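# Structure at a glance
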Amino acid sequence: MKVTEIIAELNKILTLEHGHLGMYKNFSGYQDKEIRRTFRRFAEIEMEHINKVRNAILNLGGKPSIIIEGGDIIGRLFGVTINLASEKDVVKTFSWVEKKSHQGYAGFVSKLEQHNGTMQQFIAEIAAANMLEARLMHLWLEDKLLKYNSRKLK
Ligand SMILES: [Fe+2]
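Below: a short report on this structure. Here the structure is a predicted model, which means the values were calculated and not measured.

Below, the discussion takes up the overall build of the protein chain. When its secondary structure is counted, the protein chain shows five helices and zero strands. The N-to-C order of helical and strand elements in the protein chain reads α-α-α-α-α. For 154 residues, the compact-globule formula gives about 15 Å, and the C-alpha radius of gyration of the protein chain, at 16 Å, lands near that figure. Seen along its three principal axes, the alpha-carbon backbone of the protein chain occupies a region of about 50 × 30 × 25 Å. When each of the 154 residues of the protein chain is scored for burial, the buried share is 28%.

Let us now look at the packing of helix 2 (residues 33-59) against helix 5 (residues 118-151). When two helices pack together, you describe them by how their axes are tilted relative to each other and by the distance separating the axes. One way to put it is that helix 2 packs onto helix 5 with a least axis distance of 11 Å and a crossing angle of 165 degrees. Between helix 2 and helix 5, the crossing angle belongs to the class labelled roughly antiparallel. Of the two possible hands of crossing, helix 2 and helix 5 adopt the one that is left-handed. The residues of helix 5 that touch helix 2, namely those facing T38, F42, I45, H49, K52 and A56, are I123, I126, N130, E133, M137 and W140.

In this model, helix 4 (residues 87-113) (27 residues) spans 38 Å end to end at C-alpha, consistent with the 39 Å of a helix rising 1.5 Å per residue. What helix 4 keeps buried is the set V90, V91, F94, V97, E98, S101, H102, Y105, F108 and L112.

Next up on the list: the nonpolar core. With 30 residues, the main nonpolar core has L10, L14, V53, I57, F94, I123 and A127 as its most contacted residues. When residues of this core are assigned to their parent elements, the largest contribution, eight residues, is made by helix 1 (residues 3-24). Dropping the residues within four chain positions of it, I123 is found in contact with I6, A56 and L112.

Procedures and definitions
- Residues numbered from 1 in each chain as written.
- Predicted model: local features only at pLDDT ≥ 70, side-chain atom pairs only at ≥ 80, totals over all residues.
- Helix = DSSP H or I, 4+ residues; strand = E, 2+ residues; numbered from the N terminus.
- Rg over C-alpha atoms; globule rule 2.2 N^0.38 Å.
- Buried ≥ 20, exposed ≤ 12 C-beta atoms within 10 Å, placed from the backbone.
- Axes fitted to C-alpha atoms, helices over the stretch in contact; angles between N-to-C directions.
- Parallel < 35°, antiparallel > 145°, perpendicular 65-115°, else oblique.
- Left-handed = near helix turned anticlockwise from the far one by under 90°.
- Contact = placed C-beta atoms within 7 Å.
- Expected span 1.5 Å × (residues − 1).
- Core = buried A, V, L, I, M, F, W, Y, C linked by C-beta atoms within 7 Å.

Next comes the structure, spelled out in structure tokens:
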């Protein structure tokens, strides 16, 4: 991948990461204490993702710019209506988004790894760290979903 392609891809990722932060930043509004605590930490992780991607763009000489400003970034990027009727629906939706995020990062990392350049490898390592955390968040959300299903909670 050329630098300009990498910067364009990173800006797409930056937009998505802003969407992720939007999912978790209202953590204090949930009834479930476990969700409040977890989403609070997830919001911090998403902020770390944003900063890492931003810095990578700047270090490549690019300009960080999110493609879709404000509002429902995730809904508009994926063309879905996010149903947030219950806490269970929230968990289900966010789990799906984190799975998508992990897949997106995995594709980007493998594209970068087709090149032996030091710069490509460096960006791949940054992306791989975010990829891992997207996977961890997805797994936590899936686990939470199992608990809802086994306790028949709403
Ligand atoms: Fe993220």
